[in-house]
Amino acid sequence: MAAKTLYDKLWDAHLVHQNEDGSSLIYIDRQLVHEVTSPQAFEGLRLAGRKPWRATANLAMPDHNVPTTDRAAGVAGITDPVSRLQVETLDKNCVDFAIPEFTMADIRQGIVHVVSPEQGATLPGMTLVCGDSHTSTHGALAALAHGVGTSEVEHVLATQCLIQKKSKNMRIRVEGKIPIGVTAKDIVLAIIGKLGTAGGTGYAIEFSGSAIRELSIEGRMTVCNMTIEAGARAGMIAVDDKTIDYVKGRPFAPKGEDWGKAVAAWADLHSDEDAVFDCEIVLDVTDIEPQVTWGTSPEMVAPISGCVPDPQREPDSVKRSGMQRALEYIGLKANTAITDISIDKVFIGSCTNSRIEDLRAAAAVAKGRKVADSVSLAMVVPGSGLVKKQAEAEGLDKIFAEAGFEWRQPGCSMCLAMNADRLEPGERCASTSNRNFEGRQGQGGRTHLVSPQMAAAAAVAGHFVDVRDFTLESR
Amino acid sequence: MQAFTQHNGLCVPLDRPNVDTDAIIPKQFLKSIKRSGFGANLFDEWRYLDRGEPGQEVSTRKINPDFVLNQPRYAGASILLTRDNFGCGSSREHAPWALEDYGFRTIIAPSFADIFYNNCFKNGILPIVLDSDIVDQLFKQVAANEGYALTIDLVAQTVTDPAGQQFSFTLDAFRKHCLLHGLDDIDLTLQHVDAIKSFEQKHRAASPWLFAD
Ligand code: SF4
């Protein structure tokens, strides 16, 4: 039998039907549903008189619109009537169509991409989709996972399948020992800097290599999460012992006899030795530094010791004007040292970096220090109710509060500013999220993407600093 | 879905790469639970000088006269000419909904982001990939000629400029078929109900833990 990549294996195991031109029907094991990209899909079902094919294959929760402050009044307490209606609509649709949902009042509620793995609702070997581009996150557990549009949400609800054309295979091997102070976030930003935001278009990317194996499962999720920022819909990582340990005992994970069978089946979830990739890239992590984006696209990234680049030195004219426009928007001059960039706000959260390890890492920097006076708001938004609970059990909330950070309720929050958390025009933010697009965190807002510890360090210093210069109290 | 066979329309140039879906339709408008009405807020942050909020009366808003869509010579344009990686970022289908609602039927670029490209076909929009040299040439021609219109023929898979010069493009046979006939994907898939059911049965037997309801 021909050698297969991990992606080939996942694809083949879910192929229902293939048309002559290669477009295929792929069976979907799990769909995650949130309030923003689902109302029109449910409406479509209703209009056509259709029912979900397998309601329990779905898991829904509101995350984008939910307030991160007082939740005592529940959905009724959402002040923006349009946001409230959207959350109410999700609740109603889930009742009407018998879709399992973690409502706002449920402690398990949070950002879909944090909650699903946490619950074991993401399993190795699965196909998983969601009307959200950061669905790539789930590939960290050797699942084939990617974002879809609302028409496809409806399609999966109605048929449990997706019409797809197979992507090409790319492997990114990340080798070497990860330096201290460098995180999964820095690795993936460095990859995007190298590959460009369209470098992965048309590919499914497998991340491998010693550095990837060194990462925790949560770190791997951070890497896969941002695969879409390199243009690839899906990123994935082979199963190893860490994967199995992570999944074991989670509420939706296989139990009893099934557990043994599942683990045996998952052992095959890796690329065969001699599998062929259409494209292969190798990255050495040993000289990666903590990264900071300087522009309005995630590929516009520099090491902390670096400077804002000079568009004059860019030979490609389209790129040059893009850089100029980015610098104008972000309000920075060419050749400014990254460490000279002052910030107004700090956001620690999002499906990229709001898991317990992220919060621990940020807290280790914040501990015994204070947010700089020049920083008007530093907020920490846990990815789920359970992450929040765990952090509180470890006393992280106190460390943050003592340092002057606000400790919030779980949700997407200022990652995209659909709720009340947003930047004002001209405000500059150190953010652990994944997109620094114009207006992403609020119209006119300026976003710099960094790791959780770099965000915490920037909060303390009032400008970007190399977190490696901080002495970290061991916790 | 609206079928697409042939289209002749005014072309508007949006000369920047990496136009993301946040720029195409900013998040505050994603709160709508409807599928229509997004056209008024297409490229909202570029098109208007004030901050856009859902439900606002558009006629009272401050227009940004510098933004290309607001220039009188491009009023009524239905073909968007742009640069690499158009539609990157969020998977929101609100982006093609907004483009379609505004009146765009075709987008021409050297490359598109995957999810966006796919979403276009579900909404009667034809995304056309042309070589960057050709796109460059089109940019020059649009700038030089007021009223510059292109003719798109989906059956022949060609773009024809006013001088009669033709450029061919490629696309999947399946997507072409669906777009030409305005077919609904779900109906098509449901023709394979038996295949889905028998796959599901096998899948359940092999991996019962995926079906633990
Ligand atoms: S945290 Fe941000 S990127 Fe992640 S799902 Fe929410 S809005 Fe999207």
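Residues numbered from 1 in each chain as written. Chains lettered and ligands numbered in written order. Predicted model: local features only at pLDDT ≥ 70, side-chain atom pairs only at ≥ 80, totals over all residues. Heavy atoms only, no water.

Colleague: Hey, could you go over the overall build of chain B for me, with residue numbers and the actual values?
Modeller: Of regular secondary structure, chain B possesses 8 helices and 7 strands. Taken along the three principal axes of its C-alpha coordinates, chain B extends 65 × 45 × 25 Å. Burial analysis of chain B (213 residues in total) assigns 58% to the buried set. Of the contacts formed within chain B by residues at least 6 apart in sequence, a portion of 65% connects residues at least 24 apart. Carbon and sulfur atoms form 48% of the exposed surface of chain B, whose accessible area is close to 8500 Å². (Helix = DSSP H or I, 4+ residues; strand = E, 2+ residues; numbered from the N terminus. Buried < 20%, exposed > 50% of the residue type's maximum accessible area, 1.4 Å probe, protein only. Contact = heavy atoms within 4.5 Å. Areas by Shrake-Rupley, 256 points an atom, 1.4 Å probe, with all protein chains shown as cover.)

Colleague: Lay out the site of the ligand with the relevant residues and their values.
Modeller: Contacts to the ligand come from His64, Ile111, His113, Asp132, His134, Ser350, Cys351, Cys412, Cys415, Leu416, Asn434 and Arg440 of chain A. Considering only residue class, the shell around the ligand consists of 5 nonpolar, 5 polar and 2 charged. (Near = heavy atom within 4 Å. Nonpolar A, V, L, I, M, F, W, Y, C, P; charged D, E, K, R; others polar.)

Colleague: Lay out the pairing of strand β8 (residues 168-175) of chain A with the relevant residues and their values.
Modeller: Residues and elements named next belong to chain A. Where β8 and strand β9 (residues 203-208) come together, 6 bridges link them in parallel fashion. When the sheet's bridge partners are listed, Lys168 is paired in β9 with Tyr203. Traced from β8 through helix α6 (residues 184-195) to β9, the parallel crossover comes out right-handed. (Pairing = 2+ DSSP bridges. Right-handed = clockwise from strand over helix to strand, strands pointing away.)

Colleague: If you had to explain the sheet that holds strand β18 (residues 446-449) of chain A to someone new, which residues and values would you point to?
Modeller: All names here are of chain A. With respect to topology, 5 strands assemble into an open sheet ordered β16-β15-β14-β17-β18, the strand pairing being parallel. Either end of the sheet is taken by a strand with one partner, and the two such strands are β16 (406-407) and β18. With 4 bridges connecting them, strand β14 (residues 345-348) and strand β15 (residues 377-380) associate as parallel partners. Looking at the pairing, Phe347 lines up with Met379 of β15.

Colleague: Can you explain the packing of aromatic side chains? Please cite residues and give values.
Modeller: All names here are of chain B. Taken as a whole and assessed by the stated rule, the structure comprises 18 aromatic pairs over all chains. Aromatic side chains Phe43 and Trp46 sit 5.8 Å apart centroid to centroid with 15° between the ring planes, which places their arrangement in the stacked category. With respect to class, Phe43 is no different from Trp46; both count as buried. By way of ring pairs, the aromatic residues Phe86, Phe112, Phe116, Tyr117 and Phe121 are connected into one cluster. Over the face of the ring belonging to Tyr48 we find Arg61, whose NZ or CZ atom lies 3.8 Å from the ring centre. (Phe/Tyr/Trp six-rings, centres within 6.5 Å; stacked < 30°, edge-to-face > 60°. Lys NZ or Arg CZ within 6 Å of the ring centre and 35° of its normal.)

Colleague: Describe the interface of chain A and chain B, and please don't skip the residues or the numbers.
Modeller: On the side of chain B, 57 residues touch chain A, which itself brings 76 residues to the contact. Between chain A and chain B, the buried area comes to about 5600 Å², and carbon and sulfur atoms account for 56% of it. Looking at the side of chain A facing chain B, the largest losses of area belong to Gln40, Trp53 and Gln443 of chain A, adding up to 12% of the total buried there. At the junction of chain A with chain B, the criterion picks out 9 salt bridges. Ionic pairing is found between Asp80 of chain A and Lys31 of chain B, a salt bridge with its closest N-O pair at 2.6 Å. The set of elements that each furnish at least two residues to the side of chain A that touches chain B consists of β1 (15-18), β2 (23-27), α2 (39-48), α3 (81-96), α5 (150-159), β7 (161-165), α10 (256-266) and α11 (317-330) of chain A. Here the side of chain A that touches chain B gets 7 residues from one element, more than from any other, and that element is α5 of chain A. Its residues assigned to classes, the side of chain A that touches chain B shows 29 nonpolar, 28 polar and 19 charged. (Buried area = accessible area lost by both parts, 1.4 Å probe. Salt bridge = Lys/Arg side-chain N within 4 Å of Asp/Glu carboxyl O.)

Colleague: Describe the environment of Ile288 of chain A, naming the residues involved and giving the relevant values.
Modeller: Residue and element names in this part refer to chain A. With respect to the helices and strands, Ile288 occurs in the loop between β11 (279-284) and β12 (291-293). Judged by its relative accessible area of 9%, Ile288 is buried. Sequence separation between Ile288 and Phe464 is 176 residues; the distance between their C-alpha atoms is 17 Å. Apart from residues lying up to four places away in sequence, Ile288 is in contact with Pro179, Val182, Asp186, Ile187, Ala190 and Leu283.

Colleague: Explain the confidence of the model for chain B to me, using residue names and the numbers behind them.
Modeller: Of the residues in chain B, 100% have a pLDDT of 70 or more, and the chain-wide mean is 95. Per the prediction output, this complex has pTM 0.94; the corresponding ipTM is 0.93. (pLDDT = per-residue confidence, 0-100.)

Colleague: Can you lay out the side chain of Thr447 of chain A for me, pointing to particular residues and giving the numbers?
Modeller: Residues and elements named next belong to chain A. Its location among the elements puts Thr447 in strand β18. Among the polar contacts listed, one links the side chain of Thr447 to the side chain of Gln441, at a separation of 2.7 Å. Ignoring anything within four residues of it in the chain, the contact list for Thr447 reads Thr293, Gly295, Ile330, Leu423, Cys429, Ser431, Arg435, Asn436 and Gln441. (Polar contact = N/O pair within 3.5 Å; in protein donor to acceptor, adjacent residues only side chain to side chain.)

Colleague: I'd love a proper account of the environment of Thr127 of chain A, names of residues and values included.
Modeller: Residue and element names in this part refer to chain A. Inspection of the secondary structure assignment puts Thr127 in strand β5 (residues 127-130). Look at Thr127 and you get buried, because its relative accessible area is 1%. The spatial distance from the C-alpha of Thr127 to the C-alpha of Leu189 is 26 Å, given a sequence separation of 62 residues. With residues near it in sequence (within four places) discarded, Thr127 still touches His14, Ile26, Tyr27, Ile28, Asp29, Arg30 and Leu144. Polar side-chain contacts of Thr127 include one of 3.0 Å to the backbone nitrogen of Asp29.

Colleague: I'd like to hear about the nonpolar core, residue by residue, with values.
Modeller: Side chains that are nonpolar tend, in soluble globular proteins, to be buried together. Phe405 of chain A together with Phe43, Phe86, Leu99 and Ile108 of chain B are the most contacted members of the largest nonpolar core, which totals 110 residues. With 7 residues, the single largest contributor to this core is helix α15 (residues 452-461) of chain A. Residue contacts for Leu99 of chain B: discarding those within four places in its chain leaves Ile24, Leu42, Phe43, Leu80, Phe86, Phe104, Ile107, Phe116 and Ile125 of chain B. Listed in part, the 89 residues of the second largest apolar core include Tyr203, Ala204, Ala234 and Trp259 of chain A. (Core = buried A, V, L, I, M, F, W, Y, C linked by side-chain atoms within 4.5 Å.)

Colleague: An account of the pattern of salt bridges is needed here, citing residue identities and associated values.
Modeller: Inspection of the entire model under this criterion finds 40 salt bridges over all chains. In this structure, the salt-bridge partner of Arg422 of chain A is Glu53 of chain B, at a minimum N-O distance of 4.0 Å. Of this pair, Arg422 of chain A sits in the loop between β16 and β17 (428-431) while Glu53 of chain B sits in the loop between α2 (44-47) and β2 (79-82), which puts the two residues in different chains. On the accessibility criterion, Arg422 of chain A (23% relative accessible area) is partly exposed. By sharing partners, the salt bridges in this structure join Glu43, Arg46, Lys92 and Asp96 of chain A into a single network.

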